[in-house]
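Residue-level structural notes
Residues per chain are reported as follows:
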Amino acid sequence: MPENEIPPLLPRFREGLRWSLQLGGRFLREAPGGTSLVVLATVLSQLAMLLAFFLPLKVVILLGSERIPRYFPAALAEFDRDTLIVALTLATVGAFGVYLLAERLIRFGSDRGARRILERSRKVVLFEDQDGIATRAYRRYAVIPAGLVFLLLGTAVLAVLYPSVLGLMIAFLSLVALLVVLGSRFSGGLRRKVLAPPRTWLPGVAGFGFLLVFVWLVADYLYRDPPGLLAAIVALLLARQMLNRLAGMVTSLVSLNRERPRLDALFFHHQVFQRRRQGRGEGLWALLAEAEREEWLPRVLRELEDAPGRVRRSEWWQTRVPDVMAIHCEMEGSEPRLVKVFGPHRSGEARHEASLLADPPADLPAPGWIGATLVDGLHCHVLRLPEETAQVATRRDPAPEDDDGPGNRAGSTDSGRSPDPGEAGPSPEGSAAPDLAELAYRFRRSLIAVEPPEELAGRYGRSRPLLWQRLDRAMFERARLVADVTARETIDELLADFQAIVDRVRSLPWVFVNRQLNPGTLATAGDDVIALHWGRWGLETVGTAWPLAALEPDTLSRLLAEVGPRRPALADVPPAGVRLAGLLSLMERLYLAQRYADILELLPELEGTWRSLGREAGPASARAAATALVQGHPE
């Protein structure tokens, strides 16, 4: 089946039901006592909750009547009104007590049954909180057979008390099932909605069914011969509970199937746990096929451009950003185009990139914006590239290791910092390979020369914290716990000047940052270096999130001297101030990665940089420097 084709609904339903039956059989074989206890307790809990809702209604009716109404059962009419009110009130309390007891039994049976099955599976620890996952799955599965028993009991009661309501519910559910099956068969969009989490649409269906039953009861009492008022009240409450239980059964069934790889590994002896691979955007990579490209690329260009040129040649460009596909298009009689398609889990990045590129500040080192659209439900951006644009040529890196640890995620480096082309490791093969460090320097020089517009800076400052707002004393105090005597003295001195350090960082001008720079997202356009991807752009104080190599004093002095004439706000910024912000940003990342030994190694550089700025200036001097800056920042 092609990747972008959504599997039919009925085969998926049958497969899910078959697996759920296997799971239930496993529960019954390995823990028959616990499974039976949980199912029976769940049924008891549902019945007790129904009574806890029904009996208070009877009490309210009696309180509003001078005597026992005629439609009450004859057995209750023999009692005194006040006595009956007290009895029904006590019965309500008792029903609620039974409900609480049943819920406690469910928790007890689930814990015991799940623990017994895990012990029998004889496996090592597979993932975090596997006992909790097993217990919740065990409890969730009990909802299915318990709900089925409740539906059978409710059907029998309605068949006796109010057959027409039962027939209406069967007809409604049959119509819903028919519409879902037929609609999902002929409409991929409807199939996606049906395959979405049931809690997003099933409660609405159950609520509409209850509304239909209510309207039917009103019409029955106005124009037909109903069984009786008490039967109508019971039917109405029972219909609501039955529809809710049915929705709960479907939700539990889908939730269990979504956890199938984990539950298979936990509960089935010969099943191993294989983590689902991330970054496989549904339908994304199928668009890369040549036949597909020839169909959708011209259509997108026609939609977004009044007079688009003909695509002479198209090729895939690797961005090194998971689930972001880029296609370079050579056009006849026009500049090249870069068409980017974002996977389903990258829609936030697509909108964030569009917010900047659709109305970019002057001289931003980025492609020109043409427009955005949707391709098979996926966000698509079309960008205009300068002539002779070429991706940075690099060696092919080995495949990343499959590790989900905080320090080993894709895109991280040994220092816990975001990768930067300036630190790309060995140079690519071939004499014509570009100097990545030099290209990164040129891009950074172009980027910090861009003045952030006041309106954009205001919106960003109200939405995201900057470095000076994220700095916390806890970063130093945590490192102090593992420091030796000398390092503790350094930390104490820095803590004494903490507010002055924050004020100094706060006084620095704001610059744009691009947190997804790599050789795949950098490109050369003549003498310029541009970034092809801006999904995680931001604004920070200058120096924040820069690699350590870019914070060398000589490099900073050269950079600021070159940029100062183009952006006056950077002309009087001391290189040590930029280095201070960069070191504190690195310290923040090391703190989040819990690499306290690396923080201790960084402390001498941090202290030396702070001393070179002159600690005696204090907070007042830092604030004065902030007000003297040409660029104003929102507080």
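Placed above this text is the structure.
Throughout, a residue's number is its position along its own chain's written sequence, starting from 1. Only residues with pLDDT of at least 70 are given local features in this predicted model, and only at 80 or more are side-chain atom pairs given and counted; all residues enter the totals for whole chains, interfaces and linings. Working from all heavy atoms in the structure, the side-chain values ignore hydrogens and water.

**Some details on the layout of surface pockets**
Rule in force here: In this analysis a 1.4 Å probe is tested at points of a 1 Å grid over the protein atoms alone, and where it fits but cannot get out there is a cavity; an open set with protein on both sides within 12 Å along at least five of seven lines is a pocket; lining residues have an atom within 4 Å of a point. Grid points are joined across faces, edges and corners, and a volume is the space filled by probe spheres set on the points. Helix numbers and strand numbers start at the N terminus; a helix is a DSSP run of H or I with at least 4 residues, a strand a run of E with at least 2. Polar here means any residue other than Ala, Val, Leu, Ile, Met, Phe, Trp, Tyr, Cys and Pro, which are nonpolar, and Asp, Glu, Lys and Arg, which are charged; Gly is therefore polar.
The volume enclosed by the second largest pocket comes to roughly 320 Å³. If you go around the second largest pocket, you meet 16 residues; those closest to its centre are Thr42, Gln46, Glu103, Val143 and Arg245. Those elements that provide at least two residues to the lining of the second largest pocket are α2 (32–63), α4 (81–121), α5 (130–161) and α9 (229–258). It is α9 that contributes the most residues to the lining of the second largest pocket, five residues altogether. Among the residues making up the lining of the second largest pocket, the classes are represented as four nonpolar, seven polar and five charged.

**Considering the environment of Glu290**
Basically, it comes down to this: Three exposure classes are used, based on accessible area relative to the maximum for each residue type with a 1.4 Å probe and protein chains only: buried under 20%, partly exposed in between, and exposed over 50%.
Following the sequence through the fold, Glu290 ends up in helix α11 (residues 290–304). Here Glu290 falls in the exposed class, since its relative accessible area comes to 56%. When the C-alpha atoms of Glu290 and Ser314 are compared, they prove to be 9.2 Å apart, with 24 residues separating the residues in sequence.

**Describing the packing of helix α13 (residues 436–448) against helix α19 (residues 553–563)**
Helices that pack against each other are described as a pair by the angle of their axes relative to one another and the distance between those axes. Heads up, the condition is: Lines fitted to the C-alpha atoms define the axes, with helices restricted to the stretch that makes contact. Angles between their N-to-C directions range from 0 to 180 degrees. In this scheme, roughly parallel covers angles under 35 degrees and roughly antiparallel covers those over 145, while 65 to 115 is roughly perpendicular and the rest are oblique. Helix crossings are classified by the rotation of the near helix relative to the far one: an anticlockwise turn of less than a right angle makes the crossing left-handed, while a clockwise turn makes it right-handed. Every residue pair with non-hydrogen atoms within 4.5 Å of one another is taken to be in contact.
Interhelical geometry of α13 versus α19 gives an angle of 45° and a closest axis separation of 10 Å. If you check the angle between α13 and α19, you find them oblique. The element α13 and its partner α19 pack so that their crossing is right-handed. From α13, Glu438, Tyr441, Arg444, Arg445 and Ile448 reach across to α19, where they touch Thr555, Arg558, Leu559, Glu562 and Val563. Its residues assigned to classes, the contact of α13 with α19 comprises four nonpolar, one polar and five charged.

**Focus: the pattern of salt bridges**
Convention followed: In what follows, salt bridge is the name for a side-chain nitrogen of Lys or Arg lying within 4 Å of a carboxyl oxygen of Asp or Glu.
Enumeration over the complete set of coordinates arrives at 25 salt bridges. The salt bridge involving Arg81 is made with Asp82; its shortest N-O contact spans 3.0 Å. Arg470 is the partner of Glu588 in a salt bridge, and the nearest nitrogen-oxygen pair spans 2.7 Å. Of this pair, Glu588 sits in helix α20 (residues 575–592) while Arg470 sits in helix α15 (residues 467–470), and the two are 118 residues apart along the sequence. Each of Glu305, Glu335, Arg337 and Arg384 takes part in one network of salt bridges that share partners.

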